[in-house]
Amino acid sequence: MLQHFSFKPMYENKQLPGWIFSFFYKQTRYSGEYLPDGSITWTSTSPPADEESVKKMIHELMLFHVYE
C-alpha cells in the first residue's frame, strides 16, 4: 500500500499535462513523473522491487484524483 501519496502539476501552466508525484512504500520514499500517456519515469534512486504492482496503484490514484 502506498502511503502519503502526493502529486502536483509538472508545469505552472496547468493546461500542460504532466505531474510530479512522491510516496512512501515499504518504508522507502519514491518519486517520479507521471506523463500524459500514463508512462512513469522514476526520479528516485531506483524503482520499487515490485514495480508493476506499484505502477498499477499509481495509475488508480491518478485516475481518481486527476481524471475524475
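What counts, and where the lines are drawn
- Residues numbered from 1 in each chain as written.
- Predicted model: local features only at pLDDT ≥ 70, side-chain atom pairs only at ≥ 80, totals over all residues.
- Heavy atoms only, no water.
- Helix = DSSP H or I, 4+ residues; strand = E, 2+ residues; numbered from the N terminus.
- Contact = heavy atoms within 4.5 Å.
- Phe/Tyr/Trp six-rings, centres within 6.5 Å; stacked < 30°, edge-to-face > 60°.
- Buried < 20%, exposed > 50% of the residue type's maximum accessible area, 1.4 Å probe, protein only.
- Salt bridge = Lys/Arg side-chain N within 4 Å of Asp/Glu carboxyl O.

Colleague: I'm lost on the side chain of Ser 44 in this one. Help?
Modeller: On the secondary structure map, Ser 44 appears in the loop between strand S4 (40-42) and helix H1 (51-65). Setting aside residues no more than four positions away along its own chain, Ser 44 makes contact with Arg 29, Tyr 30 and Ser 31.

Colleague: Please clarify how unusual backbone geometry should be interpreted in this entry.
Modeller: Most peptide bonds adopt trans geometry, and most residues besides glycine take a negative phi value. Look at His 4: it is not a glycine, yet its phi comes out positive at around 55 degrees. When you line up the elements, His 4 lands in strand S1 (residues 3-9). The backbone phi angle of Gln 27 is positive, close to 60 degrees, even though this residue is not glycine. Within the secondary structure layout, Gln 27 lies in the loop between strand S2 (19-25) and strand S3 (28-34).

Colleague: Explain the packing of aromatic side chains to me, please; I cannot follow it from the model alone.
Modeller: Two measures describe an aromatic ring pair: the distance that separates the ring centres and the angle between the ring planes. The full count for this structure, using the stated rule, is nine aromatic pairs. On the numbers, 6.0 Å between centres and 15 degrees between planes, the contact of Phe 21 with Phe 23 is stacked. For Phe 21, a relative accessible area of 1% puts it in the buried group. Site record: aromatic cluster; members linked through ring pairs are Phe 5, Phe 7, Phe 21, Phe 23, Tyr 30 and Trp 42.

Colleague: I keep staring at the pattern of salt bridges and nothing clicks. Help me out?
Modeller: Pairing is possible between side chains of opposite charge, provided their charged atoms come close. For the structure on display, the rule yields one salt bridge. A salt bridge links Glu 51 to Lys 55; the shortest N-O distance between them is 3.5 Å. Linking Glu 51 with Lys 55, this pair stays in helix H1, spanning four residues, or about one helical turn. In this structure Glu 51 comes out as partly exposed when scored by relative accessible area, which is 22%.

Without other data, these values stay purely geometric and don't point to any function.
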